[in-house]
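Chain residues, written in single-letter form:
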Amino acid sequence: MLGINFSSRKDGNCGDFLLFLKQQTKTRFVVKWIHDFPFDGCGPCSYECTHGSCPKKDGFAELTAWLDREETYVFVIPVYNGNLPSAFYRMLERLSPRLHEEAEERRFWKKVRILLIGNPGHGLERSSGILKELFRNAGQVPRIITFSSTDYGMKSTRDRLIEEKEVRKKLMKAAEEEEQEGMPQGT
């Protein structure tokens, strides 16, 4: 499995979740930070990617090599000011030539499990809805589990959600279910 932290903070709640999952799983679990693969979004170009090669020479090729070699992806994604992080959108943008193929899009989303960290009233529902649509557009069941710091009386950028027993319990359950058959549909 490949776990990717989409937070701008390497060692915040998203990083904590991935390290905890790595400790809980018996299978191989590689943890990466999206910013370990420096890459820009698309442009300016003439859509060379649609003919097989992207003119950009950056960290995206290394990211896709990791994606190609792993069977499951766990994306831990924070909600920023009501939005998914730009790194997530940049990744999807750069993957667009690949995901344009219906079978490849279906295969990609079938491999994705998402842990979404945000708060109600600050975009958690909207971001979750966007992610669910991406899964459904690919004919896949959304595999999203949401976490809200307000559910535990905490602040998302100041407090460590992993210190909350219920958060660890929810993550352990997800890890157990993933090892058996894949992460469940979100709660």
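Residues numbered from 1 in each chain as written. Predicted model: local features only at pLDDT ≥ 70, side-chain atom pairs only at ≥ 80, totals over all residues. Heavy atoms only, no water.

## Quick look at the overall build of the chain
So the rule is basically this: The helix and strand labels rest on DSSP assignments: H or I over at least four residues marks a helix, E over at least two residues marks a strand, and numbering proceeds from the N terminus. Here the globule rule is a power law, 2.2 Å times the number of residues to the power 0.38, and the radius of gyration is based on C-alpha atoms. Each residue is assigned to one of three classes by its accessible area relative to the maximum for its type, calculated with a 1.4 Å probe on protein chains only: buried under 20%, partly exposed between the two thresholds, exposed over 50%. Contacts were defined at the residue level, with two residues in contact if any of their heavy atoms lie within 4.5 Å. Working convention for charge: Lys and Arg count positive, Asp and Glu count negative, and His plus the chain ends are omitted. A single reference atom marks each charge: NZ on Lys, CZ on Arg, CG on Asp, CD on Glu.
If you tally the helices and strands in the chain, you get six helices and five strands. Taken from the N to the C terminus, the helices and strands of the chain come in the order β-α-β-α-β-α-α-β-α-β-α. Relative to the globule expectation of 16 Å for 187 residues, the C-alpha radius of gyration of the chain, 16 Å, shows essentially globular dimensions. When its C-alpha atoms are laid out on the principal axes, the chain stretches across 50 × 35 × 30 Å. Counting every position in the chain, which comprises 187 residues, the buried fraction comes to 46%. Within the chain, contacts between residues separated by at least 24 positions form 73% of all contacts whose residues are at least 6 apart in sequence. Within the chain, one finds 29 positive and 27 negative side-chain charges whose respective centroids are separated by 2 Å.

## Regarding the packing of aromatic side chains
To keep things clear, this is the line we draw: Between 30 and 60 degrees the pair is tilted, below 30 it is stacked and above 60 it is edge-to-face, where a pair is any two Phe, Tyr or Trp rings, Trp via its six-membered ring, whose centres lie within 6.5 Å.
Inspection of every chain in the model, using the stated rule, returns 11 aromatic pairs. The interplanar angle of 80° and the centroid separation of 5.5 Å between the aromatic rings of F6 and F88 together place this pair among those described as edge-to-face. Placement of F6 in the loop between β1 (2-5) and α1 (13-24) and of F88 in helix α3 (residues 86-99) is noted, with a sequence separation of 82 residues between them. Judged by relative accessible area, which is 1%, F6 ranks as buried. For F88, a relative accessible area of 0% gives the class buried.

## A few points about the confidence of the model for the chain
As a reminder of what qualifies: Across the chain, each position has a pLDDT score giving the predictor's confidence in that residue, from 0 to 100.
When pLDDT is averaged along the chain, the result is 90, and 96% of the positions lie at 70 or above. With pLDDT under 50 throughout, residues 182-187 is counted as low confidence; its partners more than four residues away or in other chains account for 24 contacts.

## Some remarks on the packing of α3 against helix α4 (residues 102-111)
Short version of the rule: Fitted lines through C-alpha atoms give the axes, limited to the stretch in contact for helices. The angle between two N-to-C directions lies from 0 to 180 degrees. Any residue that is not Ala, Val, Leu, Ile, Met, Phe, Trp, Tyr, Cys, Pro, Asp, Glu, Lys or Arg is counted as polar, Gly included; the first ten are nonpolar and the last four charged.
In the contact formed by α3 and α4, the axes pass within 10 Å of each other and the chain directions differ by 140°. Contact residues: α3 offers F88, M91, L92, L95, R98 and L99, while α4 offers E104, E105, R107, F108 and W109. Counted by class, the contact of α3 with α4 contains seven nonpolar, no polar and four charged residues.

## Points about the pairing of strand β2 (residues 30-33)
Definition in use: Strands are labelled as partners when DSSP assigns at least two bridges between them. Seen with its strands pointing away from the viewer, a crossover is right-handed if its path from the first strand over the helix to the second goes clockwise.
Pairing analysis gives four bridges linking β1 to β2, with the strands arranged parallel. If you follow L2 over to β2, its bridge partner there is V30. Between the parallel pair β1 and β2, the chain is carried across by α1, and the sense of this crossover is right-handed.

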